[in-house]
Amino acid sequence: MAATAIAMPTSPTSATTAPVVSSTPVRVVVVGDAAAGKTRLIHALAFLASHPQCVEELATLLPEGGSTTSASAEQWATLATPSWLPSVAPTTAIPASAMPDGVALEVVDTSSDAKGKGADERALALAEADAVVVAYRAGSEEALRRVTETWLPLVRRTCASKDAAANSAGGKVAVPVVLAGCQTDRRVDRAGANENTPEGSAAALEAAARPIMSAFREVETCLECSAANLAQVAEVFYFAQKAVLHPMAPLIDSDTSSLTPKCVRALNRIFYASDIDRDGYLSDEELNAFQVRCFAAPLTADEVAGVKEVVEARCPGGGGLAPQGLTSKGFLFLHALFVERGRSETTWAVLRSHGYDNRLEIRRDLTVPPPAVAEPDGWTHVPDDQRFAITPEAMRYVLEMVDTVAGARPGCAFSATLGRVLSTCPYDPLGDGAPRRPAGVSESADVDDALGEQGVFSLRECAAFASEPGASFAATLEAAAACCPADLCAQLRCLGAPGATSESHGGGVALGPRRRVDGEAGKNATRRVLEVHVFGAPGSGKSALVRCMATPRGAPSHEASRRPRDGRVALGYVTPAGWSEPPPAKASPDGRGCRDSWDSTWRHQRVLLLREVRDLDGYLSMTTSSFGCAEPRVAPFARCDAAAFTVDGSDMASVAAAESAILKLCAAHSESTLAGASPPPCLLVVTKDDAGVKAEVLDAVKELANRFCLVAPCMTSAKRGDFGGAYTRLACLCCERGDTAPVTPEIRAAAAARLCRQRALAVLSISASACAGACAWWWWFAPSDAGRSSVSTTSAK
Ligand SMILES: Nc1nc2c(ncn2[C@@H]2O[C@H](COP(=O)(O)OP(=O)(O)OP(=O)(O)O)[C@@H](O)[C@H]2O)c(=O)[nH]1
Ligand SMILES: [Mg+2]
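Residues numbered from 1 in each chain as written. Chains lettered and ligands numbered in written order. Predicted model: local features only at pLDDT ≥ 70, side-chain atom pairs only at ≥ 80, totals over all residues. Heavy atoms only, no water.

Caption draft 1: Quick look at the overall build of the protein. On a plain count of helices and strands, the protein comes out with 26 helices and 22 strands. Out of the 797 residues belonging to the protein, those deemed buried represent 50%. Taking contacts inside the protein between residues at least 6 apart in sequence as the whole, the part at least 24 apart equals 72%. For the protein, the accessible area works out to roughly 35,200 Å², and carbon and sulfur atoms hold 57% of it. (Helix = DSSP H or I, 4+ residues; strand = E, 2+ residues; numbered from the N terminus. Buried < 20%, exposed > 50% of the residue type's maximum accessible area, 1.4 Å probe, protein only. Contact = heavy atoms within 4.5 Å. Areas by Shrake-Rupley, 256 points an atom, 1.4 Å probe, with all protein chains shown as cover.)

Caption draft 2: Seen up close, the site of ligand 1. Lys38, Thr39, Arg40, Ser87 and Asp185 are the nearest of the 16 residues found near ligand 1. Contact with the protein chains removes 78% of the 640 Å² of surface that ligand 1 exposes when unbound. Class assignment for the residues of the shell around ligand 1 results in 5 nonpolar, 6 polar and 5 charged. (Near = heavy atom within 4 Å. Nonpolar A, V, L, I, M, F, W, Y, C, P; charged D, E, K, R; others polar.)

Caption draft 3: Quick look at the pairing of strand 5 (residues 177-182). Burial analysis of strand 5 places 6 of its 6 residues in the buried class, the great majority of the element. Of the two faces of strand 5, the one carrying Val177, Leu179 and Gly181 and the one carrying Val178, Ala180 and Cys182 are both buried. Direction of pairing for strand 4 (residues 131-137) relative to strand 5: parallel, over a ladder of 6 bridges. When the sheet's bridge partners are listed, Arg137 is paired in strand 5 with Cys182. Inspection of the sheet shows strand 5 paired to strand 6 (residues 219-224) by 5 bridges, in the parallel sense. If you follow Ala180 over to strand 6, its bridge partner there is Leu223. (Pairing = 2+ DSSP bridges.)

Caption draft 4: View of the sheet that holds strand 1 (residues 26-32). With respect to topology, 6 strands assemble into an open sheet ordered 2-3-1-4-5-6, the strand pairing being mixed. Among the strands making up the open sheet, the edge pair consists of strand 2 (92-94) and strand 6. Strand-to-strand, the axes of this sheet are offset by a mean angle of 20°, without reference to chain direction. In the packing of helix 4 (residues 116-127) onto the sheet, the strands contacted are strand 1, strand 3 (105-109) and strand 4, and the crossing angle to strand 1 comes to about 145°. Helix 8 (residues 233-245) contacts strand 1, strand 3, strand 4, strand 5 and strand 6 of the sheet and is inclined by roughly 125° relative to strand 1. (Axes fitted to C-alpha atoms, helices over the stretch in contact; angles between N-to-C directions.)

Caption draft 5: Highlighting the pattern of salt bridges. A full pass over the atoms with the stated rule returns 26 salt bridges. For Lys242, the salt bridge identified is with Glu345, shortest N-O distance 3.2 Å. On the criterion of sequence distance, the pair formed by Lys242 in helix 8 and Glu345 in helix 13 (residues 344-353) is long-range, its members being 103 residues apart. When sorted by exposure, Lys242 lands in the same class as Glu345, which is buried. Close ionic contact of Glu612 with Arg614 constitutes a salt bridge, the shortest N to O distance being 3.1 Å. Through salt bridges with shared partners, a single ionic network connects Arg396, Glu400, Arg595 and Asp599. (Salt bridge = Lys/Arg side-chain N within 4 Å of Asp/Glu carboxyl O.)

Caption draft 6: Geometry of the state of the cysteines. A full pass over the atoms with the stated rule returns 0 disulfides. Just so you know, Cys771 is unpaired, no disulfide at all, and the nearest cysteine sulfur is the one on Cys775, 6.2 Å from it. (Disulfide = S-S within 2.5 Å.)

Caption draft 7: Structural context of the packing of aromatic side chains. Inspection of every chain in the model, using the stated rule, returns 9 aromatic pairs. Judged by centre distance (5.7 Å) and plane angle (80°), the ring pair of Phe271 and Tyr272 falls under edge-to-face. By relative accessible area, which is 1% here, Phe271 ends up buried. Here the aromatic rings of Phe535 and Phe645 are separated by 5.2 Å at their centres, their planes lie at 20°, and the arrangement is stacked. With Phe535 in strand 15 (residues 529-536) and Phe645 in strand 20 (residues 642-648), the pair connects residues that are 110 residues apart, well separated along the chain. Residue Phe535 shares its accessibility class with Phe645, and that shared class is buried. Among the aromatic residues, those joined into a ring-pair cluster are Phe271, Tyr272, Phe290 and Phe331. (Phe/Tyr/Trp six-rings, centres within 6.5 Å; stacked < 30°, edge-to-face > 60°.)

Caption draft 8: Local environment of the sheet that holds strand 21 (residues 682-687). What the 6 strands build is an open sheet, ordered 16-17-15-20-21-22; its pairing is mixed. The strands lining the two open edges of the sheet, one partner per strand, are strand 16 (569-574) and strand 22 (714-715). Pairing between strand 15 and strand 17 (residues 606-612): 6 bridges, direction parallel. Within the sheet, the bridge partner assigned to Val529 lies in strand 17 and is Val607.

Caption draft 9: Layout of the coordination of the magnesium ion (ligand 2). Bound to the magnesium ion (ligand 2) on the protein side are Thr39 (OG1) and Ser87 (O), at distances that span 2.0 Å. With Thr39 in helix 1 (residues 38-50) and Ser87 in the loop between helix 3 (71-80) and strand 2, this pair connects stretches of sequence that are 48 residues apart. Overall, the relative accessible area of 9% leaves Thr39 in the buried class. (Donors = N, O, S within 2.8 Å, 3.2 Å for Na, K, Ca; no water.)

Caption draft 10: Structural context of the side chain of Asp109. By secondary structure assignment, the location of Asp109 is in strand 3. One buried charged residue, Asp109, remains without a salt bridge, the closest side chain of opposite sign being Lys38 at 5.6 Å. A polar contact of 2.7 Å, which involves the side chain of Asp109, links it to the backbone nitrogen of Ala89. When neighbours within four sequence positions are excluded, Asp109 is seen to be in contact with Val30, Lys38, Thr39, Ile42, Ser87, Val88 and Ala89. (Lys, Arg positive; Asp, Glu negative; His and termini not counted. Polar contact = N/O pair within 3.5 Å; in protein donor to acceptor, adjacent residues only side chain to side chain.)

Caption draft 11: Layout of the nonpolar core. Membership of the largest hydrophobic core comes to 40 residues, with the highest contact counts inside it found for Val28, Leu48, Leu105, Val133, Leu230, Val236 and Phe237. For this core, the secondary-structure elements that each account for two or more residues are strand 1, helix 1, helix 2 (52-61), helix 3, strand 3, strand 4, strand 5 and helix 8. (Core = buried A, V, L, I, M, F, W, Y, C linked by side-chain atoms within 4.5 Å.)

Caption draft 12: Fine view of the pairing of strand 13 (residues 386-390). Among the 5 residues that make up strand 13, 5 are buried, leaving the element largely enclosed by the rest of the structure. Every second residue of strand 13 is oriented toward a common face, with Gln386, Phe388 and Ile390 on one face and Arg387 and Ala389 on the other, all of them buried. Bridge analysis of strand 13 against strand 14 (residues 509-514) gives 4 bridges, and the strand direction is antiparallel. The partner of Phe388 across the bridge, within strand 14, is Leu511.

Caption draft 13: Summary view of helix 1. Between its first and last C-alpha atoms helix 1 spans 19 Å; for 13 residues at 1.5 Å apiece the expected length is 18 Å, and the two agree. Every buried residue of helix 1 is accounted for by Lys38, Thr39, Leu41, Ile42, Ala44, Leu45, Phe47, Leu48 and Ala49. (Expected span 1.5 Å × (residues − 1).)

Here's what the structure looks like:
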């Protein structure tokens, strides 16, 4: 035991001090039979917490779980004996400084009444319990029978509502129970000398506890204690708190006594993220860096040797240690050993320092990049027209990782390289993460799948649809930051990206610039992801326009677009019209050189993200999430940096459809919260040029562009793979909005009314100043001015 904490298990290595895991106190409720010793147990705990010197002294005097006749121990026991005990003690607070994990404890005593006020209060307390201590008289079979027949079922029933809430939140977190056999100092009177020896009582306890623990999985620990001689009292509450802070259930499958699949996956991710040189082994330096990250202290040379010795000697089947270092098998074995030996806090410290919560998922709060603030109904503090972007450091880190893996495994296809890198991320492509498609099926890729229905997508799905997978992967990372930053934060954290430490929020993702609306060209040039929504009559070529941007040159993309799929999205790097082209990409098909090629992309290109809109009315009436699932909902056009309207060159009706769509979009825009900003710039895209564009259609399109003050329309043919610069022009429109916004009759009327108002105001203010001037002149210079003469008369007097 340690002097500063009322109970402390010893650590196998000096550097495994867990970081503080909770700032809120853990609430432990004590239930049990009348006169089981509940109130006195709590009293003894409070005494121990307020007499740390007693803890220190007793630790040297008391045999584990037993009593002592030492004079000093007896003195402490006498001091701790209460002169009077209430039937139910008030809630007892044990400060964080007195607990080994540095987390405060609240202990709630309850009545043993079966009915009435005491029972009601107990039910209320149990409903709010984080953990429960069931107290019974040690050595009494009758008391043990009541534990299994009355108290454990009661705890299960009463805490069930809490479990249900946890279940609906996505994971079962049962309220853990500690069985405390009290009054061991009295057992000799009832059970005979045999059970009063430490060995005898331990054997008896184990025999009694085994069937109970297998019938009631929520029972984490059984131990015996004595409030009279202060034995094992602190341990009862330490284990109750530990069961909350470092739960066993997510780590170990009690049926098979092995690590759970979720725990194995999380530890594997941590192993890969700590394997800096990606050679598949943790070298001594990597092991030390890992130790520092998790426990803020390195291992000594002896400790490293000790760890290796244990792995070499005990890892079943061998293979835990290689000359290059610790293997992932050895790493998992070590953690299984910690958990098996009741040192789950060590494994939890590792998991928590990598951002995992009690359900072994990345803590949601860590995935909210500042300055967004997570609130129950979404995120706040992020304006509609502002998007998140991946930081250049995080991007370089990930691409370097890809390059390193590709370098370590020459000839390995890009998809395999990426698969290996991303195996540390959630949603394993080949595992249980419900992938929509494994990475690497580039020829048959369906770009719709690059973004899910809500725009949420998995990083490993990204390299599947472009002629240059490395660039496509980088583009997808950039788009992920804009569309679903929380998901990207979680992914980057699993990859061990810089800035994603256990307490930093949203590492690797930062808020990008706001969209500017004034007319100055080049104002939005720093935005990384440019989102264009594509509107048009059915069959006018929207899908082909979207799809062709991301399809390898020469593939029959316009044919593929016939498939009836919704929510078509494509993305890729585009050089905005008028910008200088980047130097030729150096990335090789096996993915090497991703980082270098992205560095030049960063300057010259932007990610163009095209979304097809099939149901205009639905689009205008809905709100959508700006940043992924549960974040603030905005009108979808708030996300749109520019709009494209497709017109079928052979169909006059599609011109009317484009006109109506522009009018509707502008009207909805002026009614929205974005009314202060101008509507998005629009480009009319005449499709199917290869089939011949009708002169009347062309004239109508030109007239429409003139009337709405739009830039010149562009002619495209998906069949010929000729998009007449549509993508580069759209990117340019997004970057340099300003004067390119449509001017509809309503907008013109509103502008005219605004001008009228401004003129009227100007006339009014000129007239008002003229009037004031005239009055001043009259007051000063008029010859028989009554006011002035009266003033002079007064002053003369
Ligand atoms: N010798 C000895 N006596 C104890 C111990 N724990 C409790 N007692 C005594 O047993 C009696 C009952 O203890 P309480 O702590 O009041 O029991 P309780 O479970 O709170 O009982 P209710 O409040 O009636 O439900 C008291 O006289 C205590 O002093 C112990 O460890 N050793
Ligand atoms: Mg009591």
